[in-house]
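Here is how the chains run, residue by residue.
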Amino acid sequence: MKLTPEEQKKQEYYRDARFTKQYDSIWQSVGKCVFCDLRDKYIFFEENGIVMTVSLYAYIDGHFMIVPRRHIKSPKELTQLEWDTIRKFFYIAKKLVRDVHGIKGMQLVQKDGSDAQSTVDQHLHFHCIPFDAPDLCEWNYRELKFTPIENAEKYRAAKKKIISLDKKFDEKYKNPSGIRVVCDAIIVNEKNEVLLQERKEHLKLTPDYLTLPGGGVDNYENTLISELVREVSEETGYDISVHNPELLDSRLGQTTITRRDSHIDAEYTVPNPFLWNTYVVRGVTSTVKLTPGDDCDQLLWMNIQTALTNERISPGIRTVLKKVQL
């Protein structure tokens, strides 16, 4: 990235602020939550609302942070998905530091409140600090070689490593007890047609299957049917609750999704396992007004017999469609 002389000078100021003790006066005059205003040029990876971003005022070359986008104060406020993502990022972080900076050790530091010398005590964050000598335990800051933007570029250049570690973590350590619950609906009209949806471009499956209206359970204090009703309403604009959805099938399923990250300009496929509950909804007319929304780009009715042989219908959906015919 080409910088103007003024921009380069600012980057060097960020780089040297700890070593020259200038940071001591900087943090006291910020006047805002800096982690609610993260800049994309310093972020090098993101997933599920959790980001990896370099520290502007680094302790040592390669120092970066793991920060939730949501403004929360404590780890106890993290959702299960956020915490699982942070746990994965801890795994990626140590191996990435070793690969990019050649340092095998790493300190994970989470400062909780100003009494712990946290200068940002209202937004949860975790420091990932390369550790090559005990002097860092005394917070003896170093004169750095790299500016923040140079550090971000070095990590972005390691995108192949990030992708391989991301996949490896899922394969070895993904917690099966954290499997997602998905509820979808076979909505059948008077013509024996089933309602299917074309997914939005950035949410397409691999292969590019048509799917049933529905989605993941977000609120586990609600019933599964109420979560289904909410998802179908978001994707079709229609309230199926008046038709009394009935559970048709419950099984473990898996799709392949494409994960995209703009910070490293990459996309790659990953498995997506879930507990799959399918309901049947009858009594909907073919002339009902439907409005695509949320994950859905287009809605279409398809004869069930046609769907059973259509290549854009997944084997899993074909299996449950056959049960509707019984």
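J.: How would you explain the packing of helix H1 (residues 5–16) against helix H4 (residues 148–156) if you had to name every residue and give the values?
T.: Direction vectors running N to C along H1 and H4 enclose 85°, while the axes themselves pass 7 Å from each other. Here H4 runs roughly perpendicular to H1, going by the angle between their axes. Across from Gln-8, Gln-11, Tyr-14 and Arg-15 in H1, the residues of H4 making contact are Pro-148, Ile-149 and Glu-150. Grouping the constituent residues of the contact of H1 with H4 by class yields 3 nonpolar, 2 polar and 2 charged.

J.: I'd like a description of the packing of aromatic side chains, backed by residues and values.
T.: In the structure shown here, the tally under the stated rule is 11 aromatic pairs. For the pair Phe-44 and Phe-64, a centre-to-centre distance of 5.2 Å together with 85° between the ring planes defines the contact as edge-to-face. Of the two residues, Phe-44 is situated in strand E1 (residues 43–47) and Phe-64 in strand E3 (residues 64–68); the sequence distance between them amounts to 20 residues. Aromatic side chains Phe-64 and Tyr-155 sit 5.1 Å apart centroid to centroid with 75° between the ring planes, which places their arrangement in the edge-to-face category. Here Tyr-155 lies in helix H4 and Phe-64 lies in strand E3, a separation of 91 residues in the sequence. When its relative accessible area of 0% is taken as the criterion, Tyr-155 is described as buried. One aromatic cluster is present, formed by Tyr-13, Tyr-14 and Tyr-57 through successive ring pairs. Above the face of the Tyr-141 ring, Arg-18 is positioned so that its terminal group lies 5.1 Å from the ring centre. The side chain of Arg-251 reaches across the aromatic face of Trp-276, ending 3.7 Å from its centre.

J.: Describe the pairing of E1, and please don't skip the residues or the numbers.
T.: With 4 of its 5 residues buried, E1 lies for the most part within the structure. Note that E1 and strand E2 (residues 50–54) share 4 bridges and pair antiparallel. Counterpart to Phe-45 in the pairing with E2 is Met-52.

J.: So what about the environment of His-263? Which residues, and what values?
T.: Positionally, His-263 belongs in the loop between strand E9 (246–261) and strand E10 (266–282). A relative accessible area of 12% means that His-263 is categorised as buried. Distance from His-263 to Met-52, taken between C-alpha atoms, is 9.9 Å for residues 211 residues apart in sequence. Among residues more than four places away in sequence, those in contact with His-263 are Asp-40, Ile-43, Phe-44, Phe-45, Glu-46, Arg-69 and Arg-156. Polar side-chain contacts of His-263 include one of 2.9 Å to the side chain of Glu-46.

J.: I'd love a proper account of the sheet that holds E3, names of residues and values included.
T.: Taken in spatial order, the 5 strands line up as E1-E2-E3-E5-E4 in an open sheet, and their pairing is antiparallel. One side of each edge strand has no neighbouring strand; the edge strands of this open sheet are E1 and strand E4 (105–109). Taking each pair of neighbouring strands and ignoring which way they run, the sheet shows an average axis angle of 20°. As paired elements, E4 and strand E5 (residues 126–131) share 5 bridges and run antiparallel to each other. The residue of E5 that forms the bridge with Val-109 is His-127. Across the face of the sheet, helix H3 (residues 80–101) comes into contact with E1, E2, E3, E4 and E5 while running at roughly 30° to E2.

J.: Kindly report on helix H6 (residues 224–236), identifying the contributing residues and their values.
T.: Taking 1.5 Å as the rise per residue, H6 with 13 residues should run 18 Å; its terminal C-alpha atoms sit 18 Å apart, in good agreement. Those residues of H6 hidden inside the fold are in contact with strand E6 (180–188), strand E7 (193–199), strand E8 (214–216), E10 and strand E11 (296–303). Looking one or two residues past H6, Gly-237 carries a phi angle of roughly 75°, positive in sign.

J.: Requested: an account of the pattern of salt bridges, with residues and values cited.
T.: For the structure on display, the rule yields 23 salt bridges. Ionic pairing is found between Arg-251 and Asp-249, a salt bridge with its closest N-O pair at 3.2 Å. A salt bridge links Arg-260 to Glu-267; the shortest N-O distance between them is 3.4 Å. Residue classification places Arg-260 among the partly exposed residues on the basis of a relative accessible area of 38%. The exposure class of Glu-267 is exposed, given its relative accessible area of 54%. A single salt-bridge network, built from bridges that share partners, covers Arg-180, Asp-218, Glu-227, Arg-230, Glu-231 and Glu-234.

Cut-offs applied
Counting from 1, residues in each chain are numbered in the order their sequence is written. Selection of residues for local features in this predicted model requires a pLDDT of at least 70, selection of side-chain atom pairs for listing and counting requires 80 or more, and totals for whole chains, interfaces and linings are taken over all residues. In computing side-chain properties, one takes all heavy atoms of the structure into account and sets aside hydrogens as well as water. Helix axes use the C-alpha atoms of the stretch in contact, all axes being lines fitted to C-alpha atoms, and the angles between their N-to-C directions lie in the range 0 to 180 degrees. By definition, any uninterrupted DSSP run of H or I lasting at least four residues is a helix, any uninterrupted run of E lasting at least two residues is a strand, and each is numbered from the N terminus. Here the word oblique covers every angle except those under 35 degrees (roughly parallel), over 145 (roughly antiparallel) and from 65 to 115 (roughly perpendicular). By definition in these notes, contact holds between two residues if any of their heavy atoms fall within 4.5 Å. Amino acid classes used here: Ala, Val, Leu, Ile, Met, Phe, Trp, Tyr, Cys and Pro are nonpolar; Asp, Glu, Lys and Arg are charged; the rest, including Gly, are polar. Aromatic pairs are defined between Phe, Tyr and Trp rings, using the six-membered ring for Trp, whenever the two ring centres lie within 6.5 Å; interplanar angles under 30 degrees are classed as stacked, those over 60 as edge-to-face, and all others as tilted. Per-residue accessibility, obtained with a 1.4 Å probe over protein chains only, is compared with the maximum for each type, and a residue is labelled buried under 20%, exposed over 50%, and partly exposed between these values. Definition used: whenever NZ (Lys) or CZ (Arg) falls within 6 Å of the ring centre and also within 35 degrees of the ring normal, the charge is taken to sit over that ring. Between any two strands, pairing holds if DSSP finds at least two bridges. For this analysis, a polar contact is any N or O atom pair within 3.5 Å, provided that within protein one partner can donate a hydrogen and the other can accept it, and provided that sequence-adjacent residues contribute only side-chain to side-chain pairs. Here the expected length of a helix is defined as 1.5 Å per residue gap, with one fewer gap than residues. Every case where a carboxyl oxygen of Asp or Glu lies within 4 Å of a side-chain nitrogen of Lys or Arg is listed as a salt bridge.

Function cannot be read off these values alone, since they describe shape.
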